[in-house]
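Geometric and topological summary
Spelled out, the chains give:
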Amino acid sequence: MPLLELRKISKNFGAIRALDEVDLHIEPGQVLGLMGDNGAGKSTMVKIMAGNFPPTSGSIVLNDQEVHFHRPVEARQKGVEVVYQDLALCDNLTAAANVFLGRELKRRFGPLRILDYSAMFARAGKLFGELKSETRPRDLVRQMSGGQRQAVAIARARLTDSRIVLMDEPTAAISVRQVAEVLDLIRRLRDQNIAVLLISHRMPDVFAVADRVMVMRRGRTVADKNIVDSSPEEVTGLITGAIEAA
Amino acid sequence: MAQDVETQASVAIEDVLQRKEATWWQGLLSSQPFWVTVAVLAIAVTMGFVNSNFLSTGNFFNITRNFSFIAVMAVGMTTVIITGGIDLSVGSILGMVAMVSAVTISNGFPMEVAVAAGILTSLAVGFVNGVLIAYVRLNPFIVTLGMLSIARSLTLVLTGATPVTLRRVGEEADRFRNLLAGDPFGVAMPVWVLIALTAIVAFLLRYSAWGRYVYAIGGNEQAARLNGVPVDQVKVSVYMLSGLTAGFSGLLVLAWAGSALSNFGQTWELRVIASTVIGGANLMGGVGSAYGGVIGAALIEVIRNSLLLAGVNTFWQGTFVGLFILFAVLLERVRSRG
Ligand SMILES: Nc1ncnc2c1ncn2[C@@H]1O[C@H](COP(=O)(O)OP(=O)(O)O)[C@@H](O)[C@H]1O
Ligand SMILES: [Mg+2]
C-alpha cells in the first residue's frame with residue numbers, strides 16, 4: 001500500500017499549466033528520484049505535497065485517506081517534511097533556532113513558559129552529530145557554508161517522526177564530500193522506513209540512492225520505473241525528449 | 001567536471017577556515033549597543049569634568065526624563081524594525097493619546113478612565129496599522145505615513161487646535177499628574193516606566209516564541225511562513241506594541257507638561273527611529289534589541305544636552321545627531337563585512 005499517492009494532479013498558474021494530470025505514488029522506506037529539466041514542474045509538485053498551495057484539480061491520498069493541506073504546518077503535522085530548494089532558513093538566527101523554528105521547545109519559568117535554549121542546543125547538536133555534520137548549534141546561519149546550511153535544513157526535517165521527506169535539489173549547491181553525506185543521510189532515512197522523494201539534476205546521485213525513478217517533462221510524467229530497469233542514458237533521453245516515453 | 005574541481009577546492013577552504021566558537025567578550029565587542037554605551041559614558045565623564053552643571057542632580061534628572069519620552073517609544077519601534085517594518089505614526093499617536101486623555105479628564109471622568117481611553121486609542125491605531133500591513137499587505141512606510149497624517153488631523157479635529165489644560169480642573173487631573181509626573185525614590189516616573197518596559201520587552205524578545213518569531217520574520221519572512229510561524233499575527237502585534245509605547249509616552253508627556261497641545265510629538269518619530277538605528281537596529285530587519293533603542297536615545301539626549309551646556313548654538317544639534325546616525329550605519333556596515 002502506498003504511503004502517499006497523488007491522483008491526476010493538475011496545477012495552473014494563470015495561463016501556464018505547470019502540472020497536467022500527474023500521478024505519483026511512494027511506499028514507506030522507498031527513495032523515489034524525480035528528474036526533469038528546469039520548468040518541468042518538479043518544485044510545483046513538491047509544493048502541492050507540502051501544502052504550500054492546493055492543486056487546481058486532482059487528489060492527494062496519505063495512508064489511504066484523502067487529505068487537503070491548506071498550510072505547510074498541516075502537512076508537517078501529518079508527517080510530511082520538506083527540505084526546500086532555497087532551504088527556507090533565517091540567516092540572522094542560529095542553527096538551533098532554525099531547526100526549531102515554529103516548534104520551539106519551552107520550559108516552565110514560574111507561571112510562564114519560556115524558550116528552552118539549552119534543550120534546543122543539545123537536541124540540535126545531537127541531530128547534527130547524527131548527520132555527521134560539523135554544524136554547531138550556536139552558530140549563525142549567515143556564517144555557514146552551503147553544506148552546513150543543508151545540514152540545518154535536513155536536521156529540521158528530522159526533528160519529528162516524519163514519514164516522508166521531500167527534498168528539492170538538496171545536492172545542488174554543496175561540496176562533493178557533503179553530497180556524499182547527504183546521500184548517506186537519505187539511506188539512513190530509508191533504513192528507518194521513511195519515504196524520501198529526491199529531486200535532483202545529478203544523475204549519479206539518483207542512481208546511487210533511488211529505488212525508483214520518475215521523469216517529468218513539461219508538466220507530464222513520461223516515465224516511472226524501477227531504477228534497475230533503467231539507465232542514465234535512458235533517463236537523459238527522457239528528460240530531453242529524445243526518448244518520448246518509457 | 002569543472003564544477004567538481006570547484007567544489008573540491010571549497011572542501012579544502014572549509015578545512016582551513018576552522019573558525020573558533022565566539023567567546024562572550026568577542027560578542028560584546030562586536031555589539032553596537034555596547035559601543036554606544038561606551039560613547040554615552042565617555043561623553044558624560046568628559047562633560048562632568050568640563051562643566052560642573054552636567055552631573056548635577058537637576059541636570060541628570062532632566063536628561064533622564066527627557067530621553068525617556070523618546071526611549072519608551074524606541075522600545076516599541078525596535079520590535080517593528082526587527083520585523084523589517086517601520087512605524088512613522090508614533091509621534092502622531094503620542095499627540096492623539098495626550099489629547100484624548102486630557103479631554104477625558106477635563107470632562108470630569110476619573111483618571112483611570114482617561115488612562116484607559118488613551119491606551120485603547122493607541123492600541124486601536126496600532127491595530128489598524130498592523131492589519132493594513134499584515135493582511136492587506138500594504139507597504140509599512142506608506143501605511144504609517146498615512147496614519148501620521150490622519151492621527152494628527154483627528155487630534156486637531158477633536159479640539160480645534162486649542163490646548164487642553166489639566167491645571168485647576170479638579171482632583172482627578174491632579175491625581176493623574178501626581179502619579180505620572182511624580183518622582184518615586186528620586187527617579188522621574190517616565191524613567192521607571194522605561195526601565196520596566198525595557199526589561200519586559202527584552203525578556204520577551206529573548207525568551208518567548210513571539211520574540212523568536214519577530215526576529216525570524218525580519219530574517220526571512222517566507223521561511224518563517226513555511227515553518228508555521230504566524231507571521232501576520234506577529235506583525236499586527238508589533239505595530240500594536242509600537243502604538244502602545246507611543247501611548248505611554250503620550251500619557252507621560254501630558255502629565256509632565258500639564259496640558260495637551262495639538263502638536264505634541266510632532267517629528268518625534270524621526271528621533272525615535274534615529275535612536276533605534278544608533279542602537280544597532282537594521283532597517284532591513286532581523287537585527288536589533290530593546291536596550292539598543294534605549295541607549296541610542298540616551299546618546300542623542302546626552303549630545304543635545306552637552307552642546308547646550310557648552311553654549312553651542314542649538315541649530316548645530318541636528319548636524320551632530322545626523323552625523324551620529326551616519327556613523328552608526330557605517331559602523332554596522334563595517335562590522336557585517338568583518
Ligand atoms: N508561483 C508561480 N507562479 C507562476 N508560475 C509558476 C510558479 N511556480 C512555478 N511556475 C511555473 O511552473 C512551471 C514549473 O515550474 P517548477 O515546478 O518550478 O519547475 P522545476 O522545479 O521542475 O524546475 C514553470 O513554467 C514555472 O515558470
Ligand atoms: Mg525547481
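This one's a predicted model, so the numbers in the text were calculated from it and none came from an experiment.

Reading the values: the criteria
- Residues numbered from 1 in each chain as written.
- Chains lettered and ligands numbered in written order.
- Predicted model: local features only at pLDDT ≥ 70, side-chain atom pairs only at ≥ 80, totals over all residues.
- Heavy atoms only, no water.
- Helix = DSSP H or I, 4+ residues; strand = E, 2+ residues; numbered from the N terminus.
- Rg over C-alpha atoms; globule rule 2.2 N^0.38 Å.
- Buried < 20%, exposed > 50% of the residue type's maximum accessible area, 1.4 Å probe, protein only.
- Contact = heavy atoms within 4.5 Å.
- Lys, Arg positive; Asp, Glu negative; His and termini not counted.
- Charge placed at Lys NZ, Arg CZ, Asp CG, Glu CD.
- Near = heavy atom within 4 Å.
- Polar contact = N/O pair within 3.5 Å; in protein donor to acceptor, adjacent residues only side chain to side chain.
- Areas by Shrake-Rupley, 256 points an atom, 1.4 Å probe, with all protein chains shown as cover.
- Salt bridge = Lys/Arg side-chain N within 4 Å of Asp/Glu carboxyl O.
- Nonpolar A, V, L, I, M, F, W, Y, C, P; charged D, E, K, R; others polar.
- Pairing = 2+ DSSP bridges.
- Axes fitted to C-alpha atoms, helices over the stretch in contact; angles between N-to-C directions.
- 1 Å grid on protein atoms, 1.4 Å probe; cavity = no way out; pocket = protein on both sides within 12 Å on 5 of 7 lines; lining within 4 Å.
- Points joined across faces, edges and corners; volume = space filled by probe spheres on them.
- Left-handed = near helix turned anticlockwise from the far one by under 90°.
- Patch = residues over 30% accessible without salt bridge, like charges linked within 9 Å, V, L, I, M, F, W, Y side chains within 5 Å.

1. Some points on the overall build of chain A
- Scanning chain A for helices and strands turns up 8 helices and 12 strands.
- Taking 2.2 N^0.38 as the reference for a compact globule, 246 residues should give roughly 18 Å; the C-alpha atoms of chain A span a radius of gyration of 18 Å, in line with that estimate.
- C-alpha extents for chain A along the principal axes are approximately 65 × 40 × 35 Å.
- Taking all 246 residues of chain A together, 56% fall into the buried category.

2. Points about the overall build of chain B
- The helix and strand inventory of chain B stands at 15 helices and 2 strands.
- Relative to the globule expectation of 20 Å for 338 residues, the C-alpha radius of gyration of chain B, 22 Å, shows essentially globular dimensions.
- Looking at chain B as a whole, 49% of its 338 residues qualify as buried.
- When contacts within chain B are restricted to residue pairs at least 6 apart in sequence, long-range pairs at least 24 apart make up 77% of them.
- For chain B, the distance from the average position of its 18 positive side-chain charges to the average position of its 16 negative side-chain charges is 6 Å.

3. Details of the site of ligand 1
All names here are of chain A.
- Around ligand 1 lies a shell formed by Phe13, Ala18, Asp37, Asn38, Gly39, Ala40, Gly41, Lys42, Ser43 and Thr44.
- At 3.3 Å from an oxygen atom of ligand 1 is found a main-chain nitrogen or oxygen belonging to Ala40.
- In the model, an oxygen atom of ligand 1 is placed 2.8 Å from a nitrogen or oxygen of the Lys42 main chain.
- In isolation ligand 1 has 560 Å² of accessible area, and contact with the protein removes 60% of it.
- Considering each element in turn, the shell around ligand 1 owes the most residues, 3 residues, to helix 1 (residues 42-49).

4. Notes on the pattern of salt bridges
- Tallied over the full model, the rule gives 23 salt bridges over all chains.
- Among the salt bridges present, the one from Glu74 of chain A reaches Arg71 of chain A, with a minimum N-O distance of 3.9 Å.
- We classify Glu74 of chain A as partly exposed; its relative accessible area is 21%.
- Classification of Arg71 of chain A as partly exposed rests on a relative accessible area of 48%.
- Sharing partners across several salt bridges, the network here consists of Arg137, Glu221, Arg225, Asp232 and Lys235 of chain B.

5. Looking at the interface of chain B and chain A
- Contacts between the two partners involve 29 residues from chain B, matched on the other side by 35 residues from chain A.
- Our enumeration of links across chain B and chain A arrives at 0 salt bridges.
- The interface formed by chain B and chain A holds 8 residue pairs in polar contact (both at pLDDT 80 or more) in total.
- Residue assignment for the side of chain B that touches chain A shows that the elements contributing at least two residues are helix 1 (2-16), helix 9 (189-207), helix 10 (209-219) and helix 11 (221-226) of chain B.
- Considering every element that reaches the side of chain B that touches chain A, the biggest residue donor is helix 1 of chain B, with 7 residues.
- Looking at the side of chain B that touches chain A, its residues break down into 11 nonpolar, 10 polar and 8 charged.

6. Description of the sheet that holds strand 2 (residues 16-26) of chain A
Residues and elements named next belong to chain A.
- One open sheet holds the 4 strands; their spatial order is 2-1-4-5, and the pairing between them is antiparallel. The open sheet has two free edges, formed respectively by strand 2 and strand 5 (65-67), since each of these has just one partner strand. Neighbouring strand axes in the sheet, compared pairwise and without regard to direction, differ in orientation by 30° on average.
- Of the strand pairs in this sheet, strand 4 (residues 57-62) and strand 5 are connected by 3 bridges, and their pairing is antiparallel. Each residue of the ladder has a partner; that of Ile60, found in strand 5, is Val67.

7. With respect to empty space enclosed by the protein
- What the rule picks out here adds up to 3 cavities of 30 Å³ or more.
- Lining the largest cavity are Ala50, Pro72, Arg76, Val80, Glu81, Val82, Tyr84 and Arg156 of chain A together with Leu226 and Asn227 of chain B.
- In terms of residue count, the dominant contributor to the lining of the largest cavity is strand 6 (residues 80-83) of chain A (3 residues).

8. Topic: the packing of helix 6 (residues 111-134) of chain B against helix 12 (residues 231-257) of chain B
Residue and element names in this part refer to chain B.
- Where helix 6 meets helix 12, the closest approach of the two axes is 7 Å, and the angle between their N-to-C directions is 150°. Viewed along their axes, helix 6 and helix 12 form a crossing whose handedness is right-handed. In contact with Val115, Ile119, Ser122, Leu123, Gly126, Phe127, Asn129, Gly130, Val131, Ile133 and Ala134 of helix 6, helix 12 contributes Asp232, Lys235, Val236, Tyr239, Met240, Gly243, Leu244, Gly247, Phe248 and Leu251.
- Of the residues that constitute the contact of helix 6 with helix 12, the class distribution is 13 nonpolar, 6 polar and 2 charged.

9. Remarks on the sheet that holds strand 6 of chain A
All names here are of chain A.
- Read across the sheet, 6 strands follow the order 6-9-10-3-11-12 without closing on themselves; strand pairing throughout is mixed. Edge strands, defined here as strands with exactly one partner in the open sheet, are strand 6 and strand 12 (220-226). For this sheet the average axis-to-axis angle between neighbouring strands, irrespective of direction, equals 15°.
- Of the strand pairs in this sheet, strand 9 (residues 164-168) and strand 10 (residues 195-199) are connected by 5 bridges, and their pairing is parallel. Across the sheet, Leu166 pairs through a bridge with Leu197, a residue of strand 10.
- Of the strands in this sheet, strand 6 and strand 9 touch helix 5 (residues 146-157), which is tilted by about 175° from strand 6.
- Helix-sheet contacts for helix 6 (residues 176-191) involve strand 3 (31-36), strand 9 and strand 10, and the interaxial angle to strand 9 is about 160°.

10. Things to note about the pairing of strand 10 of chain A
Residues and elements named next belong to chain A.
- Among the 5 residues of strand 10, 5 are classified as buried, and the element is accordingly described as predominantly covered.
- Judged by which residues are buried, strand 10 turns out to be covered on both faces: Ala195, Leu197 and Ile199 on one side and Val196 and Leu198 on the other are all buried.
- When strand 3 meets strand 10, the two strands line up parallel, connected through 4 bridges. Its bridge partner lying in strand 10, Gly33 is registered against Leu198.

11. Topic: unusual backbone geometry
All names here are of chain B.
- A positive phi angle, near 60°, is found at Arg137, a position not held by glycine.
- Structurally, the position occupied by Arg137 is in the loop between helix 6 and helix 7 (140-159).
- With a phi angle near 65°, Thr267 is a residue other than glycine that sits in the positive phi range.
- You can see Thr267 is positioned in the loop between strand 2 (259-260) and helix 13 (268-278).

12. Looking at a nonpolar patch on the surface
Residues and elements named next belong to chain B.
- Together, Trp25, Leu28, Leu29, Trp35 and Val38 make up an exposed nonpolar region whose accessible area comes to about 460 Å².
- Those elements that provide at least two residues to the nonpolar patch are helix 2 (24-29) and helix 3 (32-50).
- At 3 residues, the largest contribution of residues to the nonpolar patch is made by helix 2.
- Within the element layout of this structure, Trp25 appears in helix 2.

These figures come from the coordinates and say nothing about function on their own.
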